[in-house]
Amino acid sequence: MGAGKYDFDELTDRKGTNSVKWNDLKNRFGHEDLLPMWVADMDFKAPKPVIDALNARVEHGIYGYSYLEDSYYNSIINWYKRRYHWELKKEWFVFTPGVVPAINLAIRAFTRPGDGVIVQGPVYYPFYASIESNGRHVINNPLIFGNDRYEMNLEDLEKKAREPTAQMMILCSPHNPIGRVWDREELKRLGEICNENNILVIADEIHSDLRYPGISFTNYATISEEFAQNSITCTAASKTFNLAGMQISNVIIPNRKLRQQYENIVEATSSPMPNTFAAVAVEAAYNEGEDWLEELREYLKENLEFLKRYLHENLPEVKVVEPQGTYLVWVDFSKIESDPARLEKLMLNDAKVALDEGYIFRNGGDGFERINIACPRTILEKALEQITRAVRNYQRNL
Ligand SMILES: Cc1ncc(COP(=O)(O)O)c(C=O)c1O
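Figured I'd write up the structure that's included with this text. Being a predicted model, the structure only gives us computed values, none of them experimental.

Conventions adopted
- Throughout, a residue's number is its position along its own chain's written sequence, starting from 1.
- Local features are withheld for residues below a pLDDT of 70 in this predicted model, meaning they are given only at 70 or higher, and side-chain atom pairs are given and counted only at 80 or more; totals for whole chains, interfaces and linings count all residues.
- Excluded from the side-chain calculations are hydrogens and water; all other atoms, namely the structure's heavy atoms, are used.
- Any residue under 20% of the maximum accessible area for its type is buried, any over 50% is exposed, and the rest in between are partly exposed; the area is computed with a 1.4 Å probe on protein chains only.
- Helix and strand assignments come from DSSP, with helices taken as H or I runs of at least 4 residues and strands as E runs of at least 2, each series counted from the N terminus.
- Should DSSP find at least two bridges between two strands, the strands are regarded as paired.
- Lines fitted to the C-alpha atoms define the axes, with helices restricted to the stretch that makes contact. Angles between their N-to-C directions range from 0 to 180 degrees.
- Take a side-chain nitrogen of Lys or Arg and a carboxyl oxygen of Asp or Glu: if they are within 4 Å of each other, that pair is a salt bridge.

## Some thoughts on the pairing of strand E7 (residues 166–172)
Consecutive side chains along a regular strand alternate between the two faces of the sheet.
Consideration 1: By the criterion of burial, E7 is predominantly enclosed, with six of the seven residues buried.
Consideration 2: Looking at chain direction, E7 and strand E8 (residues 200–204) are connected through five bridges and run parallel. Residue pairing across strands places Met-168 opposite Leu-200, the latter belonging to E8.

And the structure:
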């Protein structure tokens, strides 16, 4: 890594750390010896101030019940003011132990069994699980893919929002897995449709800090007061600073009535208290992790360029969908193998790489793979070499 303070090329062995990504492979994929490029966490150490703050807290030695102090809220409020010009108020925050739990709770708080929830597939698969495991049903407003780029289908959304069961929309912004950072106009039109039809918008903005150079981001709730009053925003430091195991997220609900409804469900189902280490880590990250994040974003950009170049030179039949945000890259392998089961076998059995298979994102995901590039470049290179070798062998044996 260039002249930065942080060395993102450093290899840190994650074996033996209860890492879902590295240590649970046999259980999840049936093989132990895979290079893991799947679940969305990074193979980089957190910013040094975070590690220092956690060490100091560990040294204290007493780990009793914890609460969130003003300094925690201020670290987030200042981050949003500085980086997004969004003035958050402390009373808008509701703590939950993660964005997926937050979405489950929102479904329970604001919809009833049998109701429909709109999503834009292919999309982050836990959205489907949250909707269906709570006895609601998915209404798909499929994204349009053309000229190597995804767009929202707003005409279709107008129809879906009018469906009698439709009550809620889960907006993935930036979008996982296709990497779009939606522009203000698209979000504005989406919100107008939802507001006209009384569809509550759950804006999952967990990836908003991770954007490629020159790409700006609009927080959904900042578009207008009406948008703020008819939405809840899910945020967390977990993707930005690689703190997913801390299990903490912030749900922002400016509308008092909605917040009360949400808090009632939180109280009735879980009444969570924050993990002792989580608040310490988040506060240090937002207050002192900004330079780390800027260096990380440069490194991710270089990894993206590396991936594109590598595939262009070695597997030109494979097409990378250029992401505007996230460290998850959506790659079209359908010219190699369009059958999702055979493509999965090729990646697992032959390439020995664990990826998130396109089909799990449903609705247009078949034939794609989602590759997590948040790792030292040598790991990325090894994965790409293994994939290339396996594909060439596969083609020879067809
Ligand atoms: C869009 C999106 N939402 C939520 C999450 C997970 O959030 P949490 O770990 O806070 O439940 C992820 C993780 O990959 C994600 O991509």
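## Here's the deal with the sheet that holds strand E9 (residues 231–235)
Consideration 1: Strand order in the open sheet made by the seven strands is E2-E10-E9-E8-E7-E3-E4, with mixed pairing throughout. Looking at which strands have only one partner, the edges of the open sheet turn out to be strand E2 (93–96) and strand E4 (137–140). Put simply, the sheet's adjacent strands are angled 25 degrees from each other on average, direction ignored.

## Remarks on the pattern of salt bridges
Consideration 1: Under the definition given, this model contains 30 salt bridges.
Consideration 2: One salt bridge connects Arg-28 with Asp-24, and the closest N-O pair in it is separated by 2.7 Å.
Consideration 3: Here Arg-28 falls in the partly exposed class, since its relative accessible area comes to 47%.
Consideration 4: Here Lys-352 and Asp-33 are joined by a salt bridge, their closest N and O atoms 3.6 Å apart. One end of the pair, Lys-352, is in the loop between helix H14 (340–351) and strand E13 (353–354); the other, Asp-33, is in the loop between helix H2 (25–29) and strand E1 (35–36), with 319 residues separating them in the sequence.
Consideration 5: The network of salt bridges with common partners includes Arg-82, Arg-83, Glu-290, Glu-294 and Arg-297.

## Overview of the pairing of E4
Consideration 1: Of the pairings in the sheet, the one linking strand E3 (residues 116–119) to E4 comprises four bridges and is parallel in character. Across the sheet, the residue bridging to Val-119 is Asn-140, located in E4.

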